[in-house]
Amino acid sequence: MRRSRDEIAKMRRAGRVVAEMHDKTRAAARPGVTTAELDRVARDVLDRRGARSNFLGYHGFPAVICTSPNDMIVHGIPGPYRLADGDIISIDCGAIIEGWHADAAYTMPIGDVDPEAVKLIEVTEESLRAAIAQMVDGNRLSDIGHAVQSVAEAAGYSVVREYVGHAIGLAMHEEPQVPNYGPPGRGPKLRPGMVFAVEPMVNMGRPGTRTLEDGWSVVTADGTLSAHAEHTIAITDHGPEVLTVP
Ligand code: MG
Ligand code: MG
């Protein structure tokens, strides 16, 4: 699906709200703060900006953000969990403006964190940057995931297979999916007006996952740390444009 300039402008506005959710939750996240409090901070941003949540009520999801600490990969439900010194936490945020969606996630260290965990976060962010660099007119969809996998595996890490990025627009999850792995040069040609949420999930150990009893929280099967980074990105005539920025 290719979007018009006007449609991308609306997604940019939703993206700006998501970026503010990132800023405010990042500023609030410190040892002793609960993930439910971070959800409240994010709700305030949505309310203030007149945006709706695309997470709240999604298949019954009870919050406006996902909070996934340490070995949790994605989809953690905000609640009584208190951030502790040495944790890493992934925070995934989304917003809707005039029907148009944006979706982005980041992972941050809490307090004094093991350098190995900081490196995992940095490599995950680098894999997202490498993926975004592939989002130019004429490349193929699988070039995106190939870039993620190359960066993550060169650092000795692995990429999750069961959860993937996605096209985004009038719904949060549109077709096609955007895997974080695979050979380059496959799939549809990337064209200006296409918009994707690209979201590497990088594990320090093996790629396998497990879902907890709450039916949402996805953790690494081997208990190693995992990091997540995501942006909503439009392909334009002038290259990729990240929409989830201030
Ligand atoms: Mg997301
Ligand atoms: Mg997403």
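Keep in mind it's a predicted model, so treat the numbers as computed, not measured.

Draft legend 1. Region of interest: the nonpolar core. Ranked by internal contacts, the top residues of the largest apolar core, which has 28 residues, are Met135, Ile144, Leu190, Phe196 and Val198. Secondary structure elements with two or more residues in this core: helix 3 (115-133), helix 4 (141-154), strand 8 (195-198) and strand 13 (231-236). With seven residues, helix 3 is the single largest residue contributor to this core. Beyond its immediate chain neighbours, meaning those up to four positions away, Val198 contacts Leu128, Ala131, Met135, Ile144, Ala229, Glu230, His231 and Ile233.

Draft legend 2. Looking closely at the pattern of salt bridges. Counted under the stated rule, the structure contains nine salt bridges. We note a salt bridge from Glu20 to Arg49, for which the minimum N-O separation is 2.7 Å. Placement of Glu20 in helix 1 (residues 5-28) and of Arg49 in the loop between helix 2 (35-48) and strand 1 (65-69) is noted, with a sequence separation of 29 residues between them. Residues joined by salt bridges that share partners form a network here, namely Glu20, Lys24, Arg48 and Arg49.

Draft legend 3. Structural context of the coordination of the magnesium ion (ligand 1). Around the magnesium ion (ligand 1), the protein supplies Asp92 (OD), Asp92 (OD), Asp103 (OD) and Glu230 (OE) as donor atoms, at distances of 2.0 to 2.4 Å. Sequence spacing among the residues donating to the magnesium ion (ligand 1) works out to D-x10-D-x126-E. Exposure remark for Asp103: the relative accessible area of 2% places this residue in the buried category.

Draft legend 4. Expanded view of the coordination of the magnesium ion (ligand 2). Distances from the magnesium ion (ligand 2) to its protein donors, Asp103 (OD), His166 (NE2), Glu199 (OE) and Glu230 (OE), fall at 2.1 to 2.2 Å. In this structure, the magnesium ion (ligand 2) lies 3.2 Å from the magnesium ion (ligand 1), and both are coordinated by Asp103. Here Asp103 is found in strand 4 (residues 100-109), whereas its partner Glu199 is found in the loop between strand 8 and strand 9 (201-203), with 96 residues between them in sequence.

Draft legend 5. Spotlight on the packing of aromatic side chains. Across all of its chains, the model carries one aromatic pair by this definition. Their ring planes at 80 degrees and their centres at 4.9 Å tell us that Phe61 and Trp216 sit as a pair that is edge-to-face. A residue pair is termed long-range when its members are at least 10 positions apart, and Phe61 in the loop between helix 2 and strand 1 and Trp216 in the loop between strand 10 (209-211) and strand 11 (218-220) qualify at 155 residues. Each member of the pair, Phe61 as well as Trp216, carries the same accessibility label: buried. Across the ring face of Tyr181, the terminal group of Arg161 is positioned such that the distance to the ring centre comes to 4.9 Å.

Draft legend 6. Quick peek at the pairing of strand 4. Burial of strand 4 is extensive: nine of the ten residues sit out of reach of the surface. Where strand 3 (residues 88-97) meets strand 4, ten bridges bridge the pair, whose relative direction is antiparallel. Opposite Asp92, over in strand 4, you have Ala105 as the bridge partner. Between strand 3 and strand 4, which pair antiparallel and follow one another directly, the connecting turn spans two residues, one of which, Glu98, has a positive phi of 50 degrees.

Draft legend 7. Molecular detail of the packing of helix 1 against helix 2. Following both chains from N to C, one finds helix 1 and helix 2 inclined at 145 degrees, their axes separated by 9 Å at the closest point. Handedness of the crossing formed by helix 1 with helix 2: right-handed. For the pair helix 1 and helix 2, the contacting residues are Val17, Glu20, Met21, Lys24, Thr25 and Ala28 in the first and Leu38, Val41, Ala42, Val45, Leu46 and Arg48 in the second. Here the residues of the contact of helix 1 with helix 2 are counted per class, giving eight nonpolar, one polar and three charged.

Draft legend 8. How the structure looks around the pairing of strand 8. By the alternation rule, side chains of strand 8 split into Val195 and Ala197 and Phe196 and Val198, which are all buried. Sheet analysis places strand 6 (residues 165-167) next to strand 8, joined by two bridges and oriented antiparallel. Bridge pairing links His166 to Ala197 in strand 8. Relative to strand 13, strand 8 runs antiparallel, the two sharing four bridges. In the strand pairing of strand 13, Ala197 is matched with Thr232.

Draft legend 9. The arrangement of the sheet that holds strand 7 (residues 174-178) in detail. The five strands are arranged 7-6-8-13-14 in an open sheet whose pairing can be described as antiparallel. Looking at which strands have only one partner, the edges of the open sheet turn out to be strand 7 and strand 14 (239-242). Strand after strand, the sheet turns through a mean of 30 degrees between neighbouring axes, direction not considered. Where strand 13 meets strand 14, four bridges bridge the pair, whose relative direction is antiparallel. Within strand 14, the position partnered with Ile235 by the bridge is Pro240. Running over the sheet, helix 4 touches strand 7 and strand 8 and is turned about 40 degrees from strand 7.

Cut-offs applied
The residue numbering used here restarts from 1 in each chain and proceeds along that chain's sequence as written. Whichever chain is written first becomes A and whichever ligand is written first becomes 1, with later ones labelled in order. Side-chain atom pairs in this predicted model are given and counted only at pLDDT of 80 or more, local residue features only at pLDDT of at least 70, and totals for whole chains, interfaces and linings cover all residues. Side-chain numbers come from the whole structure's heavy atoms, not from hydrogens or water. Here, nonpolar core means buried Ala, Val, Leu, Ile, Met, Phe, Trp, Tyr and Cys residues that are tied together by side-chain atoms lying within 4.5 Å of each other. Only protein chains enter the area calculation, which uses a 1.4 Å probe; residues under 20% of their type maximum are buried, those over 50% are exposed, and those in between are partly exposed. Each helix is a run of DSSP H or I of at least 4 residues and each strand a run of E of at least 2, with the numbering of both proceeding from the N terminus. Any two residues whose heavy atoms approach within 4.5 Å are treated as being in contact. We count a salt bridge whenever a side-chain nitrogen from Lys or Arg sits within 4 Å of a carboxyl oxygen from Asp or Glu. The donor set covers N, O and S atoms within 2.8 Å of the metal, switching to 3.2 Å for Na, K and Ca, and it leaves out water, so a site may look short of donors. For Phe, Tyr and Trp, where Trp contributes only its six-membered ring, two rings pair if their centres lie within 6.5 Å, and the inter-plane angle classes them as stacked under 30 degrees, edge-to-face over 60, or tilted in between. As a reminder, the over-ring test applies to NZ of lysine and CZ of arginine, requiring each to be within 6 Å of the ring centre and within 35 degrees of the ring normal. Two strands qualify as a pair provided that DSSP identifies no fewer than 2 bridges between them. Orientation is described by lines fitted to C-alpha atoms, with helices fitted over the stretch in contact, and by angles between N-to-C directions that extend from 0 to 180 degrees. The sense of a crossing depends on the near helix, which, turned anticlockwise from the far helix by less than a right angle, makes the crossing left-handed and, turned clockwise, makes it right-handed. Residues were grouped as follows: Ala, Val, Leu, Ile, Met, Phe, Trp, Tyr, Cys and Pro as nonpolar; Asp, Glu, Lys and Arg as charged; and all remaining residues, including Gly, as polar.

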